[in-house]
Amino acid sequence: MKLDRKEILKALETITIAGEGKNMVESGAIANVVTFGDEVVVDLVLHTPAMHIKKRAEDDIKKTILELVSPDAKIKINSKVEVPDKPEIKGKSIPGIKNIIGVASGKGGVGKSTVTANLAVSLAKMGFSVGILDADIYGPSMPIMFDVESEKPISIMVDGKSKMKPVESYEVKILSIGFFTAPSQAVIWRGPMASKALNQMIFDADWGELDFMLVDLPPGTGDIHLSIVQSLPITGVVIVSTPQAVALADAKKGVSMFMSEAINVPVLGIIENMAYFTPEELPENKYYIFGKEGARNLAEDLDVPFLGEVPIVQSIREAGDYGRPAAMQTGSIIETVFEEITRNVVREVVSRNESLPATEAVKITTMAGCSAVNKK
Ligand SMILES: Nc1ncnc2c1ncn2[C@@H]1O[C@H](COP(=O)(O)OP(=O)(O)OP(=O)(O)O)[C@@H](O)[C@H]1O
């Protein structure tokens, strides 16, 4: 049997790479096709580094050739990732901090801060060194969630410079915009003020060596997000959503903002919070109050990893208010739930770091970023 190169190219015109509008041949993803008898070698060039997209593209190519050209074809695919150069990007890296993970949500009140706090303690329990930068200027909640509301970061001298020392609780280092305002005081942070405060918490702080810095972002898609991606080389973001339609619509906007060309921060995946209600004494009873599997389906639609689901459990709320994240309750279901989600997050970070160059802070030089943010 002899395979025909043209026939193969024609078959490959029927498939696209996730997230790209044109077919693989038209978009230039198929760099070359060479045939030797019943063997075919396809050179594939991907412009996105996500491992799952690479795998899906390779599977699609194999399936298409076997189905449309010959079921006996021996297929070899050489994949290469070429992330387009962004000449305008250059940001300050933070020495000692290995991975910066943004935790975002489109809608407010979906449990983003609760998830951040529980991810942090779960990572710390796994032996990682962890910090939280609470950048939620509208409602910084980390001081309450870690029971350090009345503490203030102290100033220390490092190499002749005065630096802020993060407050530590349950082996997690924390800096929050909430440490600089009285809890009862309503503060309206204007964009530049918030950016300045955040910059100080990032660069004028003595974070030491961290495996993970989790950044609790404000809800929504706004100026402060742009400001953060401009100041911080974010490794990737995790999006938190409930299964409810209004939350999902906003989560989708969040994903498109981070994936937009101007921002281009990898989305590590989606976590479904408040997936169902479960009474602690009857864990097998599940009530899908906000709808079933909405965030899981959204992840599938957007082709981003689904990182897991967190049920509504009274003790999660209580633990948050009490100031001891629920995932610290040894032997509880919540501990197991967060351990699994945390493992999934770490796995995605590892695969992202293997397949992508380090993110640099985005230097936005045009208004392009703003239109991307407004994009639905
Ligand atoms: N899985 C859960 N089970 C029970 N209560 C939860 C759960 N997740 C969050 N909560 C509670 O819901 C409320 C909102 O959660 P949280 O403050 O984490 O949301 P958020 O998305 O960070 O809000 P914001 O938009 O204000 O930043 C809190 O009282 C929290 O304790």
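Residues numbered from 1 in each chain as written. Predicted model: local features only at pLDDT ≥ 70, side-chain atom pairs only at ≥ 80, totals over all residues. Heavy atoms only, no water.

### Remarks on the UniProt feature "binding site: ATP" (unreviewed entry) in the protein chain
Reasoning step 1: UniProt marks Gly106, Lys107, Gly108, Gly109, Val110, Gly111, Lys112 and Ser113 with the feature "binding site: ATP" (unreviewed entry), using the numbering shown here.
Reasoning step 2: Along the polypeptide, glycine 106 turns up in the loop between strand 4 (97-104) and helix 3 (112-125).
Reasoning step 3: With respect to the helices and strands, the residue valine 110 is situated in the loop between strand 4 and helix 3.
Reasoning step 4: For valine 110, a relative accessible area of 3% corresponds to the buried category.
Reasoning step 5: Residues within four places of valine 110 in sequence aside, it is in contact with Ser105, Val240, Ser241, Thr242, Ala247, Asn273 and Met274. (UniProt positions renumbered as here; feature names shortened; annotations may be inferred. Helix = DSSP H or I, 4+ residues; strand = E, 2+ residues; numbered from the N terminus. Buried < 20%, exposed > 50% of the residue type's maximum accessible area, 1.4 Å probe, protein only. Contact = heavy atoms within 4.5 Å.)

### What to know about the sheet that holds strand 1 (residues 30-36)
Reasoning step 1: Reading across the sheet, the three strands line up as 1-2-3 and stay open at both edges, with mixed pairing between neighbours. On the outer flanks of this sheet lie strand 1 and strand 3 (74-81), each paired with one strand and no other. Across this sheet, the average inter-strand angle for adjacent strands is 15 degrees, counted without regard to direction.
Reasoning step 2: Pairing of strand 2 (residues 39-46) with strand 3, which is carried by eight bridges, proceeds in the parallel orientation. In the sheet register, leucine 44 faces strand 3, and the bridge partner there is serine 79. (Pairing = 2+ DSSP bridges. Axes fitted to C-alpha atoms, helices over the stretch in contact; angles between N-to-C directions.)

### What to know about empty space enclosed by the protein
Reasoning step 1: Throughout the structure, instances matching the rule amount to two cavities of 30 Å³ or more.
Reasoning step 2: Considering only enclosed or pocket space, the largest cavity measures out at about 40 Å³ in volume.
Reasoning step 3: Taken together, Thr114, Ala117, Asn118, Met145, Ile316, Gly320, Pro325 and Ala326 make up the lining of the largest cavity.
Reasoning step 4: Contributions of two or more residues to the lining of the largest cavity are made by helix 3 and helix 9 (314-322).
Reasoning step 5: With three residues, helix 3 is the single largest residue contributor to the lining of the largest cavity.
Reasoning step 6: Among the residues making up the lining of the largest cavity, the classes are represented as five nonpolar, three polar and no charged.
Reasoning step 7: If you add up the space inside the second largest cavity, you get close to 40 Å³. (1 Å grid on protein atoms, 1.4 Å probe; cavity = no way out; pocket = protein on both sides within 12 Å on 5 of 7 lines; lining within 4 Å. Points joined across faces, edges and corners; volume = space filled by probe spheres on them. Nonpolar A, V, L, I, M, F, W, Y, C, P; charged D, E, K, R; others polar.)

### A word on the packing of aromatic side chains
Reasoning step 1: This model, assessed by the stated rule, comprises four aromatic pairs.
Reasoning step 2: Over the ring of tyrosine 288 we find lysine 292; its NZ or CZ atom is 4.9 Å from the centre of that ring. (Phe/Tyr/Trp six-rings, centres within 6.5 Å; stacked < 30°, edge-to-face > 60°. Lys NZ or Arg CZ within 6 Å of the ring centre and 35° of its normal.)

### Considerations on the nonpolar core
Reasoning step 1: If you look at the biggest cluster of nonpolar residues, it comprises 44 residues, and the most contacted ones within it are Leu133, Leu232, Ile239 and Phe258.
Reasoning step 2: Residue assignment for this core shows that the elements contributing at least two residues are strand 4, helix 5 (191-203), strand 10 (210-216), helix 6 (223-231), strand 11 (236-241), helix 7 (245-259), strand 12 (267-277) and helix 8 (294-302).
Reasoning step 3: The leading source of residues in this core is helix 5, at six residues.
Reasoning step 4: Isoleucine 239 has contacts with Ala104, Ala251, Gly254, Val255, Phe258, Val267, Gly269, Ile270 and Ile271, leaving out every residue within four places of it along the chain.
Reasoning step 5: With 42 residues, the next largest nonpolar core counts Val110, Ala120, Phe146 and Val310 among its residues. (Core = buried A, V, L, I, M, F, W, Y, C linked by side-chain atoms within 4.5 Å.)

### Overview of the site of the ligand
Reasoning step 1: Neighbouring the ligand are 18 residues; Gly109, Ser113, Thr114, Asp136 and Pro311 lie closest to it.
Reasoning step 2: In this structure, aspartate 136 approaches the ligand through a side-chain N or O atom, which is 2.6 Å from an oxygen atom.
Reasoning step 3: Valine 313 places a main-chain nitrogen or oxygen 3.2 Å from a nitrogen atom of the ligand.
Reasoning step 4: When the free accessible area of the ligand is taken as 630 Å², the share hidden by the protein chains comes to 79%.
Reasoning step 5: Breaking the shell around the ligand down by element, the ones donating at least two residues are helix 3, strand 12, strand 13 (306-312) and helix 9.
Reasoning step 6: Among the residues making up the shell around the ligand, the classes are represented as nine nonpolar, six polar and three charged. (Near = heavy atom within 4 Å. Polar contact = N/O pair within 3.5 Å; in protein donor to acceptor, adjacent residues only side chain to side chain. Areas by Shrake-Rupley, 256 points an atom, 1.4 Å probe, with all protein chains shown as cover.)

### So, the pattern of salt bridges
Reasoning step 1: Inspection of the entire model under this criterion finds 12 salt bridges.
Reasoning step 2: Residue aspartate 136 pairs with lysine 112 through a salt bridge whose shortest N-O separation is 3.3 Å. With aspartate 136 in the loop between strand 5 (130-134) and helix 4 (142-145) and lysine 112 in helix 3, this residue pair connects regions lying 24 residues apart in the sequence.
Reasoning step 3: Linking glutamate 348 and arginine 347 is a salt bridge whose minimum nitrogen-to-oxygen distance equals 3.4 Å.
Reasoning step 4: For glutamate 348, a relative accessible area of 14% puts it in the buried group.
Reasoning step 5: Through salt bridges that share partners, Lys112, Asp136 and Asp216 make up one connected network. (Salt bridge = Lys/Arg side-chain N within 4 Å of Asp/Glu carboxyl O.)

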